[in-house]
Amino acid sequence: MVSVILPDLGTEILIPVCAIIGIGFSLLQWLLVSKVKLVPSPAASNNSGAAGKNGYGDYLIEEEEGLNDHNVVLKCAEIQNAISEGATSFLFTEYQYVGIFMVAFAILIFVFLGSVEGFSTKSQPCTYDPLKMCKPALATAGFSTVAFVLGAVTSVVSGFLGMKIATYANARTTLEARKGVGKAFIIAFRSGAVMGFLLAANGLLVLYITINVFKLYYGDDWEGLFESITGYGLGGSSMALFGRVGGGIYTKAADVGADLVGKVERNIPEDDPRNPAVIADNVGDNVGDIAGMGSDLFGSYAESSCAALVVASISSFGINHEFTPMLYPLIVSSVGIIICLITTLFATDFFEIKAVKEIEPALKNQLIISTILMTVGVAIVSWVALPSSFTIFNFGTQKVVKNWQLFLCVAVGLWAGLIIGFVTEYYTSNAYSPVQDVADSCRTGAATNVIFGLALGYKSVIIPIFAIAASIFVSFSFAAMYGIAVAALGMLSTIATGLAIDAYGPISDNAGGIAEMAGMSHRIRERTDALDAAGNTTAAIGKGFAIGSAALVSLALFGAFVSRASISTVDVLTPKVFIGLIVGAMLPYWFSAMTMKSVGSAALKMVEEVRRQFNTIPGLMEGTAKPDYATCVKISTDASIKEMIPPGALVMLTPLIVGIFFGVETLSGVLAGSLVSGVQIAISASNTGGAWDNAKKYIEAGASEHARSLGPKGSDPHKAAVIGDTIGDPLKDTSGPSLNILIKLMAVESLVFAPFFATHGGLLFKIF
């Protein structure tokens, strides 16, 4: 046993303290956001002429233009309450259905894993060292079930809290836009930071406490301890799947319905209060892009940690019971919280946003600063928390690894994430030629817009895949599957910052919608549109991070599964593996078909309802009658709850059916096939949808001579752009983001059930 600089006591203090600091910082950000009051306050406008923060006076635009500030604030508060109530109602309905699944699946985990040794309570020879005795399989079954429930609950809470802060902040962002784009930016970003830090810190703290509680029973059986911890990742991703699919169907049914009837047929602005689907659309931003994304990235974090811990437990760290090196993945995440805290201050305190053009660079700088600082942080952590030399389990052998090699594994994942982020930005931001070319193609109609958009999406896959491939090669060469797991963790180590800039997008989008519905001036809407356009790009960057990390996470889980299922080699030339490979490659297409059709059928009902209201409610188009928002909210809710079950069942049942009837070799082929094809489709779908959305906004904003030649709103090129955006909506917000959960979830589920599949699987091949 080689000693490390950081003592075990230091590790026991460092991890929970960093998590508590993260929670404290998120609460501080929430406190600062809450200072913007949703009640009329005459005192707030007495500073006319005084220079406020970010170069703007604290006067209100309404005062200049003679608008009634009192009514505007009350209207914003009323709209925010409607959005919050709709989002809360949907999530509670969704969680009721998901709760039933959670209980049923928890029972399944216990029964399947307990049956491996016939529900015996006697100690068994360890899998990787038969000379040692380990805890019975029944104990692993029980603790895996508990870990699954903990992961699921943490995922649900993460998504719900994110939604609550987003709906709390959207109207406040709108009101701050009256004072300047800089003030609105700070409120939106701080609100995103609340979600980012709460999720990162809660995930870390719950995982750390779970490990220590389980350790009381397992003692020196670290192999069994960390095998049971894998249930935590499974629980997190299971909830994320339903959150992403259900939320994605909800938001896009409303968005497509609102756009097709409102903007294309009736030629009214986006988020116009006359549109019956407008509240459902704004609710959807929160339940899909906020709650769904939060659960998704929490699942990635939990799974990459679990994959690293499983491999480490059968390496020298676990064999020699070295506590600090064993928890190296958690120490990296702990330092990541502190780094992200410092990075956040650059956006909210150290620098000022004074103009619209500074918004996107400020968000990009968050990625650059956090990556540079985290590289230094990981170097220090690798020096103090790892021995200079150690061994890592590598498919039956122990590979000697140096601490600097493991640092490079984390760093390569970290920088690959940054590359993916920048490539995503290049292909989805309307500041660059790819999106401008898509906008220009709208001159000749929707067909050429669709062709250009699809081509852009396919092309945008190239560099991210090379970045992922390079990080896989480097990390595997240095530290086998453990290297890939910590590379994924490196990509997710700045998760708090990533989520902050991701959540910023939907909050800004809602803020613009509230400004339109409250009848605020055109100048305010221009500011919220600028915030929203930058948010579209950051949302695409967030999805790029999620997909890239999912690829690395699922590969690490795949490696852990192969080791746990005692498969010596995965030979693609054997029929058992090849049939799995080709079926696995088909699954993302099947899944995408189900989710796309779900959005289509839900949107069809929404379009019919919106048309019905415009045709039957007298005075609706004139603005003298109020639309029936509640019916549209109900259509989205009912459709998403009903339609999320078949895609979810496809993902959850595939590993069970393949493992039980075809065995672990075929299942390994399915996992490899779904990983390879799923990553490509996910990146392409997300970027295509993001490009179409920003091409539409490019025309609407009319910020350049080229953009003005394509506009204004209501022109033929604009209508073509709206159609492209409508097609892209389910691609970027439903199918694309859900695919990364598909490849992770099937891998972690296979890992959890690996002992059962290895013992009782392959029934068909045994019969024949």
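Right, let's walk through the structure included here. (Residues numbered from 1 in each chain as written. Predicted model: local features only at pLDDT ≥ 70, side-chain atom pairs only at ≥ 80, totals over all residues. Heavy atoms only, no water.)

When helices and strands are tallied, the protein shows 25 helices and 4 strands. Here the C-alpha atoms of the protein give a radius of gyration of 26 Å, agreeing with the 27 Å that 2.2 N^0.38 yields for 768 residues. By principal-axis analysis of the C-alpha atoms, the protein measures approximately 85 × 60 × 40 Å. Accessible area for the protein stands at about 25600 Å²; split by element, carbon and sulfur atoms hold 67% of it. Across the protein, the mean location of the 47 positive side-chain charges is 1 Å away from that of the 59 negative side-chain charges. (Helix = DSSP H or I, 4+ residues; strand = E, 2+ residues; numbered from the N terminus. Rg over C-alpha atoms; globule rule 2.2 N^0.38 Å. Areas by Shrake-Rupley, 256 points an atom, 1.4 Å probe, with all protein chains shown as cover. Lys, Arg positive; Asp, Glu negative; His and termini not counted. Charge placed at Lys NZ, Arg CZ, Asp CG, Glu CD.)

Put simply, the largest pocket is a space of about 960 Å³. Each residue belonging to the lining of the largest pocket can be placed in one class, and the counts come to 15 nonpolar, 6 polar and 13 charged. (1 Å grid on protein atoms, 1.4 Å probe; cavity = no way out; pocket = protein on both sides within 12 Å on 5 of 7 lines; lining within 4 Å. Points joined across faces, edges and corners; volume = space filled by probe spheres on them. Nonpolar A, V, L, I, M, F, W, Y, C, P; charged D, E, K, R; others polar.)

Here the focus is the pairing of strand β4 (residues 397–402). Pairing of strand β3 (residues 389–394) with β4, which is carried by 6 bridges, proceeds in the antiparallel orientation. From the neighbouring strand, Asn394 faces β4, where its bridge partner is Thr397. Counting the residues that bridge the hairpin from β3 to β4 gives 2 residues, and of these Phe395 lies at a positive phi of roughly 50 degrees. (Pairing = 2+ DSSP bridges.)

A few words now on empty space enclosed by the protein. Applying the stated criterion across every chain yields a total of 9 cavities of 30 Å³ or more. A volume near 270 Å³ is recorded for the largest cavity. Lining the largest cavity are 27 residues, and of these Asp289, Asp509, Asn536, Asp693 and Lys732 sit closest to its centre. Contributions of two or more residues to the lining of the largest cavity are made by α6 (222–265), α7 (278–313), α16 (495–517), α17 (522–564), α21 (664–701) and α23 (716–752). At 6 residues, α17 tops the list of elements feeding residues into the lining of the largest cavity. Class assignment of the residues belonging to the lining of the largest cavity gives a composition of 3 nonpolar, 6 polar and 18 charged. If you add up the space inside the second largest cavity, you get close to 110 Å³. Looking at the second largest cavity, the residues that line it are Leu297, Leu367, Ser370, Met491, Leu492, Thr494, Ile495, Thr497, Gly498, Gly542, Phe545 and Ser549. Only α11 (359–385), α15 (462–492), α16 and α17 provide two or more residues apiece to the lining of the second largest cavity. Along the lines of polarity and charge, the residues of the lining of the second largest cavity split into 6 nonpolar, 6 polar and no charged.

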